[in-house]
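Results of the structural survey
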Amino acid sequence: MHIVIRDHILEGDNLDELAACLLRWMPPLVPWMLDLQKEVKEQAGEYGSEGKALLAIV
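First, a word on scope: everything that follows refers to the structure included in this document. (Residues numbered from 1 in each chain as written. Predicted model: local features only at pLDDT ≥ 70, side-chain atom pairs only at ≥ 80, totals over all residues. Heavy atoms only, no water.)

Turning to the pairing of strand 1 (residues 2-5), a few remarks are in order. Both strand 1 and strand 2 (residues 8-11) contribute to a ladder of four bridges, which runs antiparallel. Note that in strand 2 the partner of His2 across the bridge is Glu11. Taken together, strand 1 and the strand that follows it, strand 2, pair antiparallel across an intervening segment of two residues, in which Arg6 is found at a positive phi of about 50°. (Pairing = 2+ DSSP bridges. Helix = DSSP H or I, 4+ residues; strand = E, 2+ residues; numbered from the N terminus.)

Right, here's the structure in full:
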């Protein structure tokens, strides 16, 4: 599966793999992407996983 956010594709077999793709992707200082990465990391504990946090934020 994949999701497209502002012309950037995140790919993975499940939500956690999509989040892992986001968190290992190093953008050329795309401010919104850096903010999204930060939010996912911060909220992962609250939602139980990075994948669930990504889904909740997006």
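Leu10, Leu22, Trp32, Leu36, Val40 and Leu54 are the most contacted members of the largest nonpolar core, which has 14 residues in total. Sequence-distant contacts of Leu54, defined by excluding residues within four places in its chain, comprise Ile3, Leu18, Ala19, Leu22, Leu36 and Val40. (Core = buried A, V, L, I, M, F, W, Y, C linked by side-chain atoms within 4.5 Å. Buried < 20%, exposed > 50% of the residue type's maximum accessible area, 1.4 Å probe, protein only. Contact = heavy atoms within 4.5 Å.)

You can see Gln43 is positioned in helix 2 (residues 31-47). Placed 14 residues apart in sequence, Gln43 and Ile57 show a C-alpha to C-alpha distance of 9.0 Å. Not counting residues up to four positions away in its chain, the partners in contact with Gln43 are Ala53 and Ile57.

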